[in-house]
Amino acid sequence: MTTDYTDLEAVRRFNLDDDMSEDLVTFLISGVSRAIDKHCRRTFYTVTEGRVYDWEASNQLRLRDDLVSLTSVTTSAGQTLTTAELTLEPRSGPPYSRIRVKDGLGVSIQYATTRSEALTVTGVWGYKATVPDLIALACQAWVSEIYAQADTRGMESMSGGGIRASMRKLEEGPPPDVKGWLSTFVKPTRMAVLGVAA
């Protein structure tokens, strides 16, 4: 499973430069991909697995992570619920952020003895089934900017402290143009959703 948002050849095409260092570009792609995750507070690669949640209500569950598709919700009470009984919201998704019990079926989400870790949600987690084009483009642009700094300093300096210095710049966040491209993908904080000032 790849967790990178672009690849060597795409970065070379972006820069019209087939001679860019494979090792350095590949290294930067991984670092920038994770920096995009951090900036956007979400991931853009997919993982199929079960994730544990606390029970919160008999008719719905808010998800802390983005969901692409749902396989099942199993409960500590022995239930296995699927999309036959459950619907995903918002309707515009993926990504989905809430699971709701369908009306009129007489079904409820139950737990056995404790609400804590009572549910396991299994499905495909992530933003979309594939990496959005604008995320890939942002990754290529951010990698290219760091690579250009490396090229200016010279590869020998990069093999010393230069590469570490450039990677530290990732902590400062994306360059202004990349930040603009990423702005629509930034996940609101829970406080922002609730309308609470930071």
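Given the structure is predicted, the values throughout are model-derived calculations rather than measurements.

## Overview of the pattern of salt bridges
In step 1: Scanning the model with the defined rule gives 10 salt bridges in all.
In step 2: Between Arg-12 and Glu-9 there is a salt bridge, with the nearest N and O atoms lying 3.3 Å from each other. With a gap of three residues between them, Arg-12 and Glu-9 both fall in helix α1 (residues 8-15), about one helical turn apart.
In step 3: Residue classification places Glu-9 among the partly exposed residues on the basis of a relative accessible area of 40%.
In step 4: The salt bridge involving Lys-187 is made with Asp-66; its shortest N-O contact spans 3.8 Å.

## Notes on the nonpolar core
In step 1: Formed by 27 residues in total, the largest nonpolar core has its most connected members in Val-25, Val-32, Ile-36, Phe-44, Trp-142 and Val-143.
In step 2: Among the elements of the structure, α1, α2 (22-40), α3 (133-153) and α5 (176-182) are those that each provide at least two residues to this core.
In step 3: It is α3 that provides the largest number of residues to this core, a total of nine residues.
In step 4: Filtering out sequence-adjacent residues up to four positions away, Val-25 remains in contact with Leu-8, Val-11, Met-20, Val-143 and Tyr-147.
In step 5: By size, the runner-up hydrophobic cluster in this structure holds 18 residues, among which are Leu-63, Leu-70, Leu-88 and Tyr-96.

## Concerning the packing of α1 against α2
In step 1: Contact geometry for α1 and α2: axes closest at 9 Å, N-to-C directions at 105°. Judged by the inter-axis angle, α1 sits roughly perpendicular to α2. Packed against α1, whose contacting residues are Leu-8, Val-11 and Arg-12, the element α2 presents Glu-22, Val-25 and Ile-29 at the interface.

## With respect to the packing of aromatic side chains
A ring pair, where both rings are aromatic, is described by two values, the distance of the centres and the angle of the planes.
In step 1: Throughout the structure, instances matching the rule amount to seven aromatic pairs.
In step 2: Aromatic ring contacts, followed pair by pair, group Tyr-5, Phe-44, Tyr-45, Tyr-127 and Phe-185 into a single cluster.
In step 3: The positively charged end of Arg-34 is found above the aromatic ring belonging to Tyr-5, 5.4 Å away from the centroid.
In step 4: Its end group placed over the ring of Tyr-53, Arg-64 keeps NZ or CZ at 4.0 Å from the ring centre.

## Describing the pairing of strand β4 (residues 86-89)
In step 1: The alternating pattern of β4 places Leu-86 and Leu-88 on a buried face and Thr-87 and Glu-89 on a face that is not buried.
In step 2: In this structure, β4 lies alongside strand β5 (residues 96-101), joined through four bridges in antiparallel fashion. Looking at β5, one finds that Leu-86 is bridged to Val-101.
In step 3: Count of turn residues in the β4/β5 antiparallel hairpin: six residues.

Calculation criteria
- Residues numbered from 1 in each chain as written.
- Predicted model: local features only at pLDDT ≥ 70, side-chain atom pairs only at ≥ 80, totals over all residues.
- Heavy atoms only, no water.
- Salt bridge = Lys/Arg side-chain N within 4 Å of Asp/Glu carboxyl O.
- Helix = DSSP H or I, 4+ residues; strand = E, 2+ residues; numbered from the N terminus.
- Buried < 20%, exposed > 50% of the residue type's maximum accessible area, 1.4 Å probe, protein only.
- Core = buried A, V, L, I, M, F, W, Y, C linked by side-chain atoms within 4.5 Å.
- Contact = heavy atoms within 4.5 Å.
- Axes fitted to C-alpha atoms, helices over the stretch in contact; angles between N-to-C directions.
- Parallel < 35°, antiparallel > 145°, perpendicular 65-115°, else oblique.
- Phe/Tyr/Trp six-rings, centres within 6.5 Å; stacked < 30°, edge-to-face > 60°.
- Lys NZ or Arg CZ within 6 Å of the ring centre and 35° of its normal.
- Pairing = 2+ DSSP bridges.

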